[in-house]
Amino acid sequence: MTDTKAFESILDKENVKYRSFNLAEGKLFFCSAEDGLTFDAFWGTNGVLRIWRYVLTNLPLGVRGKCFRSSVPNRENAFVRLEITDDGCLNLTAEQQLTDVSQVGEHMEKHLSGFISSIRQIDFRSIIKPLALAKESNA
């Protein structure tokens, strides 16, 4: 699945401006919504659509290196991941393996709109304290 036209048309429909670069394993997108929200996406030749955004930086040492991953209900091969990198950045990632060619457009649109909605609505600073208290990583 290397054709990115469906994803590009969804970005256009959502009024998301983007720059894209072809890579050996797929296509990389640097995206910016009308309200200034930025995120990145990768559409792999293997059918994986990954969308991510670094939402906070300079987080305290006590929360660094934690990763939480959750499967998406009713979506086979889809998950969201919240990770605090060793550099102190909070990264939100949504990934889905898109294998059913007949539903690629529909799934991509839900995937993208759900991700954008999440990063606009979640108060990420409010989740840092619970992350600091978590004792184990569910990576």
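Residues numbered from 1 in each chain as written. Predicted model: local features only at pLDDT ≥ 70, side-chain atom pairs only at ≥ 80, totals over all residues. Heavy atoms only, no water.

Asks: Please explain the packing of aromatic side chains as it appears in this structure.
Replies: When we look at a pair of aromatic rings, we describe it by the centre distance and by the angle of the planes. Scanning the model with the defined rule gives 4 aromatic pairs in all. Each ring, one from F7 and one from F29, has its centre 5.0 Å from the other, and the planes form 70°; the classification is edge-to-face. With F7 in helix α1 (residues 5–13) and F29 in strand β2 (residues 26–32), this residue pair connects regions lying 22 residues apart in the sequence. No difference in accessibility class separates F7 from F29, as the two residues are buried. Summarising the aromatic geometry, the rings of F39 and F115 are spaced 6.2 Å apart at their centres and angled 65° between planes, so their arrangement reads as edge-to-face. In this pair, F39 sits in strand β3 (residues 38–44) while F115 sits in helix α2 (residues 104–121), placing the two residues 76 residues apart along the sequence. Summarising the burial analysis for this pair, F39 and F115 share the class buried. Among the aromatic residues, those joined into a cluster by ring pairs are F7, Y18 and F29. (Phe/Tyr/Trp six-rings, centres within 6.5 Å; stacked < 30°, edge-to-face > 60°. Helix = DSSP H or I, 4+ residues; strand = E, 2+ residues; numbered from the N terminus. Buried < 20%, exposed > 50% of the residue type's maximum accessible area, 1.4 Å probe, protein only.)

Asks: I would appreciate a short explanation of the side chain of T93 in the present structure.
Replies: One can find T93 in strand β7 (residues 90–97). Residue classification places T93 among the buried residues on the basis of a relative accessible area of 1%. Ignoring anything within four residues of it in the chain, the contact list for T93 reads R50, I51, W52, F79, V80, R81 and F115. (Contact = heavy atoms within 4.5 Å.)

Asks: What exactly am I supposed to notice about a nonpolar patch on the surface here?
Replies: Among the surface-exposed residues, F21, L23 and F30 lie close enough to one another that they form a single nonpolar patch of about 250 Å² accessible area. Following the sequence through the fold, L23 ends up in strand β1 (residues 17–23). (Patch = residues over 30% accessible without salt bridge, like charges linked within 9 Å, V, L, I, M, F, W, Y side chains within 5 Å. Areas by Shrake-Rupley, 256 points an atom, 1.4 Å probe, with all protein chains shown as cover. Salt bridge = Lys/Arg side-chain N within 4 Å of Asp/Glu carboxyl O.)

Asks: How do you make sense of the pattern of salt bridges when you look at a structure like this?
Replies: By the definition in use, this model includes 3 salt bridges. A salt bridge links E8 to K27; the nearest nitrogen and oxygen atoms lie 2.8 Å apart. Here K27 lies in strand β2 and E8 lies in helix α1, a separation of 19 residues in the sequence. Neither E8 nor K27 differs from the other in exposure class; each is buried.

Asks: I would appreciate a short explanation of α1 in the present structure.
Replies: Every α-helix winds through 3.6 residues per turn, so residues three or four apart in the chain are directed the same way. Of the positions making up α1, those classed as buried are F7, E8, I10 and L11. Taken around the axis of α1, the buried residues stretch over an arc of 160°, which confines them to a single face. Of the exposed residues in α1, the ones pointing more than 90 degrees away from its buried face are K5 and K13. At the C-terminal side of α1, N15 shows a positive phi close to 60°. (Arc of directions from axis to C-beta.)

Asks: Before we go on, may I ask you to explain the sheet that holds β7 in this structure?
Replies: Hydrogen bonds along the backbone pair up the strands of a sheet, which may run parallel or antiparallel. Sheet architecture is open: 7 strands sit in the order β1-β2-β3-β4-β7-β6-β5, paired in antiparallel fashion. A single partner strand is all that each edge strand has here, and the edge strands are β1 and β5 (67–71). Along the sheet, successive strands turn relative to each other by an average axial angle of 15°, direction set aside. Here β1 pairs with β2 via 7 bridges, running antiparallel. The partner of R19 across the bridge, within β2, is F30. In the packing of α1 onto the sheet, the strands contacted are β1, β2, β3 and β4 (48–56), and the crossing angle to β2 comes to about 5°. (Pairing = 2+ DSSP bridges. Axes fitted to C-alpha atoms, helices over the stretch in contact; angles between N-to-C directions.)

Function cannot be inferred from these measures alone, as they are strictly geometric.
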